[in-house]
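Here's the letter readout for the chains.
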Amino acid sequence: MTETPQRPLRVLAAMSGGVDSAVAAARAAEAGHDVTGVHLALSANPQSFRTGARGCCTIEDSRDARRAADVIGIPFYVWDLADRFREDVVEDFVAEYEAGRTPNPCLRCNEKIKFAALLDKALALGFDAVCTGHYAKVIVREDGSRELHRASDMAKDQSYVLGVLDDRQLAHAMFPLGDTVTTKDEIRAEAERRGLAVAKKPDSHDICFIADGDTQGFLAQRLGRAEGDIVDESGAKLGTHEGAYGFTIGQRKGLRIGTPAPDGKPRYVLDISPVTNTVTVGPAAALDVTALTAIKPRWCGTAPTGPGTYTAQLRAHGGETEVTAEPVDGELRVTFTAPVRGVAPGQAIVLYDGTRVVGSATIATTTRATASAV
């Protein structure tokens, strides 16, 4: 296998206004590709500046991306995908929380926006590939098929949020930073050598469309406050909440129960029931999950046809765990070699074979070591 061949391509570089996407665009241009930069306007109201914000969809970001394109010497455009982003990412995010699940909007954005809406438009305009600043690698096999692999530097690897990409999307994906075994400081130093003003710009954090980081407040504005009960595993009421959507499986802080547990140990969110608007809490051991069922699998290549042994990642910044997984009737059945704690419906599970991304699916139900499926 070899890394993606570097024959000259017409490349559309998605430029967020940050340092990673700017360096990725610069590297693509330096490699001899015909690069055009594009900033995606994803916010219907991008009037705020980054001061005090943590997002990546502000007017300042658009201007930073344009300045970087000017320095690189490539054409630059701003494309308005705010309506598509609102429908496919923001509304999906709200609906998932309302249903008691824990979504990953970055993964959904990669699937629906950057490698669906953006890629479709790019191909229609005659581009060969979409380039982003993600840390991951596309490897080309001898038969011409492509595989998605972890980045060379595991500390910066972002293959988890790219696990939704299928064969067609991988065939038109370019990740110039994926083979870089460097620290983020070295990426910033490269940006400075290239004259890119974003070299010292802070990274974006949290959820891009919740600039202040207050997810619970964001959801409350859209779903309203709905008081309900916080109960223990026996159903005994321990307190109240202002909306079950404000909790996630495994959460410890912010429960405001008041009454200490009989054993004096902390309690965690075990279950969220939107039907009864009830949040169930209990001991940490009750979070241990031994198996799960995931839906809507997407394969980065040929789908597995039987049971196999893999490693799995359950969070964007989580570690790997050994599993046995098998596709069954359009679902993915997964058994953990050792119990894993705090797995929440709505999260993505991404399977790996070594460094190769096998595919991704959305967790629907879990089986706990001490309880039935939830």
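Residues numbered from 1 in each chain as written. Predicted model: local features only at pLDDT ≥ 70, side-chain atom pairs only at ≥ 80, totals over all residues. Heavy atoms only, no water.

- Naming follows an unreviewed UniProt entry, where the protein appears as tRNA-specific 2-thiouridylase MnmA of Streptomyces camelliae.
- On record in UniProt, under Subcellular location (unreviewed entry), the comment for the protein is "Cytoplasm".
- Regarding the protein, the UniProt comment filed under Catalytic activity (unreviewed entry) reads as follows: "S-sulfanyl-L-cysteinyl-[protein] + uridine(34) in tRNA + AH2 + ATP = 2-thiouridine(34) in tRNA + L-cysteinyl-[protein] + A + AMP + diphosphate + H(+)". (UniProt positions renumbered as here; feature names shortened; annotations may be inferred.)

## Section: the sheet that holds strand E12 (residues 278–282)
Here is step 1 of the chain: The strand order across the open sheet formed by four strands is E10-E9-E12-E11, and the pairing between neighbours is mixed. The sheet is open, and its two edges are formed by strand E10 (237–241) and strand E11 (268–273), each paired on a single side. This sheet shows a mean twist of 25° between the axes of neighbouring strands, independent of strand direction.
Here is step 2 of the chain: Bridge count between E11 and E12: five bridges; the pairing is antiparallel. By the bridge assignment for E12, Ile272 is matched with Val279. (Pairing = 2+ DSSP bridges. Helix = DSSP H or I, 4+ residues; strand = E, 2+ residues; numbered from the N terminus. Axes fitted to C-alpha atoms, helices over the stretch in contact; angles between N-to-C directions.)

## Observations concerning the packing of aromatic side chains
Here is step 1 of the chain: Overall, the coordinates contain six aromatic pairs when judged by the stated rule.
Here is step 2 of the chain: Ring centres 5.6 Å apart and planes at 50° place the aromatic pair Phe209 and Phe218 in the tilted group. Taken as a pair, Phe209 and Phe218 share a single burial class, namely buried.
Here is step 3 of the chain: Aromatic ring contacts, followed pair by pair, group Phe85, Phe93, Tyr97, Phe209 and Phe218 into a single cluster. (Phe/Tyr/Trp six-rings, centres within 6.5 Å; stacked < 30°, edge-to-face > 60°. Buried < 20%, exposed > 50% of the residue type's maximum accessible area, 1.4 Å probe, protein only.)

## Observations regarding the pairing of strand E2 (residues 10–14)
Here is step 1 of the chain: The element E2 is largely enclosed, with a buried count of four among its five residues.
Here is step 2 of the chain: Relative to strand E3 (residues 34–41), E2 is paired through five bridges, and the arrangement is parallel. Following the sheet pairing, Val11 is matched in E3 by Val35.
Here is step 3 of the chain: Following the chain from E2 across helix H1 (residues 19–30) to the adjacent parallel E3, one finds a crossover that is right-handed.
Here is step 4 of the chain: In this sheet, strand E5 (residues 129–131) lies alongside E2 in parallel orientation, the contact comprising three bridges. Residue Val11 lies in a different strand from E5, and its bridge partner there is Ala129. (Right-handed = clockwise from strand over helix to strand, strands pointing away.)

## Description of helix H6 (residues 184–193)
Here is step 1 of the chain: Three or more residues of H6 are buried, namely Lys184, Ile187, Arg188, Glu190 and Ala191. Buried residues in H6, looked at end-on, bunch into an arc of 155°, giving them a common side. Turned more than 90 degrees away from the buried face of H6 sit Asp185 and Arg193, all of them exposed.
Here is step 2 of the chain: Of the surrounding elements, those touching the buried residues of H6 are H1.
Here is step 3 of the chain: Note on H6: the residue one or two positions beyond its end, Gly195, has a positive phi of about 80°. (Arc of directions from axis to C-beta. Contact = heavy atoms within 4.5 Å.)

## With respect to the UniProt feature "active site" (unreviewed entry) in the protein
Here is step 1 of the chain: Mapped onto this numbering, the UniProt entry gives "active site" (unreviewed entry) at Cys109 and Cys208. For the annotated residues, spread through 100 residues, the largest C-alpha to C-alpha distance comes to 10.5 Å, consistent with a single compact locus.
Here is step 2 of the chain: Secondary-structure assignment places Cys109 in helix H4 (residues 105–124).
Here is step 3 of the chain: Setting aside residues up to four positions removed in sequence, Cys109 forms contacts with Phe85, Val89 and Lys114.

## Some points on H4
Here is step 1 of the chain: Along H4, the largest kink reaches about 30° and is centred on Leu118.
Here is step 2 of the chain: Measuring from the side-chain oxygen of the N-cap residue of H4 to the backbone nitrogen of Cys106 gives 3.1 Å; that N-cap residue is Asn104.
Here is step 3 of the chain: In the segment just after H4, Gly126 is the residue with positive phi, at about 95°. (Bend = angle between axes of the 7 residues up to and from the residue. Polar contact = N/O pair within 3.5 Å; in protein donor to acceptor, adjacent residues only side chain to side chain.)

## Considering the side chain of Thr132
Here is step 1 of the chain: Inspection of the secondary structure assignment puts Thr132 in the loop between E5 and strand E6 (136–140).
Here is step 2 of the chain: Take Thr132: its relative accessible area is 3%, and that puts it in the buried class.
Here is step 3 of the chain: Within the structure, Thr132 has its side chain in polar contact with the side chain of His134 (distance 2.7 Å).
Here is step 4 of the chain: Beyond its immediate sequence surroundings of up to four residues, Thr132 is in contact with Ala14, Ala24, Phe115, Met174, Phe175 and Pro176.

## Side note on the sheet that holds E2
Here is step 1 of the chain: Spatially, five strands are ordered E4-E3-E2-E5-E8 in an open sheet, and the strand pairing comes out parallel. Each of the sheet's edge strands pairs with one partner strand only, and the pair in question is strand E4 (76–80) and strand E8 (173–174).
Here is step 2 of the chain: Along the sheet face, helix H2 (residues 59–72) touches E3 and E4 and points at about 150° away from the line of E4.

## Focus on the environment of Gly250
Here is step 1 of the chain: Looking at where Gly250 falls in the secondary structure, it is placed in the loop between E10 and E11.
Here is step 2 of the chain: Between the alpha carbons of Gly250 and Val281 there is a distance of 9.0 Å; along the sequence they are 31 residues apart.
Here is step 3 of the chain: Apart from residues no more than four positions distant in its own chain, Gly250 is found in contact with Tyr268, Val269 and Leu287.

## A closer look at the pairing of E10
Here is step 1 of the chain: Across four bridges, the pairing between strand E9 (residues 228–231) and E10 is antiparallel. Residue pairing in the sheet places Gly228 in a bridge with His241 of E10.
Here is step 2 of the chain: The hairpin formed by E9 and E10 contains five residues between the paired strands, and Gly235 there has a positive phi angle of roughly 95°.

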